[in-house]
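Topology and contacts: notes
These are the residues of each chain, in order.
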Amino acid sequence: MHQRVHTGERPIICSPCGKGFTRLDNLRIHQRVHTGERPFTCSQCEKGFTASSSLLKHQRVHSGERPFTCSQCEKGFTTSSSLLSHQRVHTGERPFICSQCGKGFTRLDSLRIHQGVHTEERPFTCSQCEKRFTQSSDLQKHQRVHTGERTFTCFQCEKGFARLSNLQIHQRVHTGERPFTCSQCEKRFAQLSNLQTHQRVHTGEKPFTCSQCEKGFTQLSHLQRHQRVHTGEKALTCS
């Protein structure tokens, strides 16, 4: 039975959906997806689960236990899979590739959401401006543009943010945390996007090209500044 791990053989087949398994007990757990059976129940919130391992992971939501810790930034996670996904932030690995445009993602669910860009499926519509979104969570975030709501507040300086991710990035101003490290020169950055821009110093990549003279730049802001040479536009100066 163990050798199937190496051979990839999955001889035990689920009759409703055709999915294969190496072990009979794995098939029995899987079949609960079709029957709706959830024999493992959380004593705190009564949510049901198909497997005891899933219940164990869920209970960490209530206990606050985060047994899986990132060796780079010491952030804790409730599951090993969440830690693995997070570590790609540091390594830059993006194993989930869009077959349409080649864009890479750290998580499979992020790829699936992105694929809506190509299918043009955007089922969530803003009632104010009719802008459409692939996810309801993106619509909710967008609606704060209209309401001006800034639900996430920095406890240090009381600055408000519309998104939790923006607050978390901002807080690094106070903590001095720089979790993103360049593998070439070990320079550290507070944001992944800043690391990616910096890495172009080493790779020589210049993705922003002037349409007039074809000169390349590592950053969009540098291209925009350069284009004033052609337009004659003067930079804004302090009065």
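Preceding this paragraph is the structure being described.
Calculation criteria
Residues numbered from 1 in each chain as written. Predicted model: local features only at pLDDT ≥ 70, side-chain atom pairs only at ≥ 80, totals over all residues. Heavy atoms only, no water. Helix = DSSP H or I, 4+ residues; strand = E, 2+ residues; numbered from the N terminus. Rg over C-alpha atoms; globule rule 2.2 N^0.38 Å. Buried < 20%, exposed > 50% of the residue type's maximum accessible area, 1.4 Å probe, protein only. Lys, Arg positive; Asp, Glu negative; His and termini not counted. Charge placed at Lys NZ, Arg CZ, Asp CG, Glu CD. Expected span 1.5 Å × (residues − 1). Contact = heavy atoms within 4.5 Å. Salt bridge = Lys/Arg side-chain N within 4 Å of Asp/Glu carboxyl O.

For the protein, the count of helices and strands is 10 helices and 16 strands. Against the compact-globule benchmark of 18 Å for 239 residues, the protein has a radius of gyration of 24 Å, which places it well outside the compact range. Dimensions of the protein along its principal axes, counting C-alpha atoms only, are 75 × 45 × 40 Å. Put simply, the protein has 239 residues, and 23% of those count as buried. Here the protein carries 35 positive and 19 negative side-chain charges, and the mean point of each set is 3 Å from the other.

Here P67 lies in the loop between α3 (52-63) and β5 (68-69). Remark: the alpha-carbon pair of P67 and H34, spanning 33 residues in sequence, is separated by 32 Å.

Although it is not a glycine, E130 sits at a positive phi angle of roughly 65°. For E130, the location among the structural elements is in the loop between β9 (124-125) and β10 (132-133). A residue is classified by how much of its surface remains accessible, and E130, at 62% relative accessible area, is exposed.

Here α3 contains 12 residues, and its C-alpha end-to-end distance of 17 Å stays within 8% of the 16 Å for a straight helix at 1.5 Å per residue. Along its buried surface, α3 packs onto β3 (40-41), β4 (48-49) and β5. Immediately beyond the C-terminal end of α3, within one or two residues, lies G64, with a positive phi of roughly 80°.

Here we come to the pattern of salt bridges. One pass over the structure, following the stated rule, counts seven salt bridges. Measuring nitrogen to oxygen at the nearest pair gives 3.0 Å for the salt bridge that ties D25 to R23. Classification of R23 by relative accessible area gives partly exposed; the value is 38%. Between R88 and E93 there is a salt bridge, and its shortest N-O distance comes to 3.9 Å.

Now for the environment of R122. With respect to the secondary-structure elements, R122 resides in the loop between α6 (116-119) and β9. A relative accessible area of 32% means that R122 is categorised as partly exposed. For R122 and Q135, which are 13 residues apart along the polypeptide, the C-alpha to C-alpha distance reads 7.5 Å. Look past the residues within four positions of R122 in its chain and what remains in contact with it is V117, R132, F133 and T134.

This is a description of form; function is not addressed.
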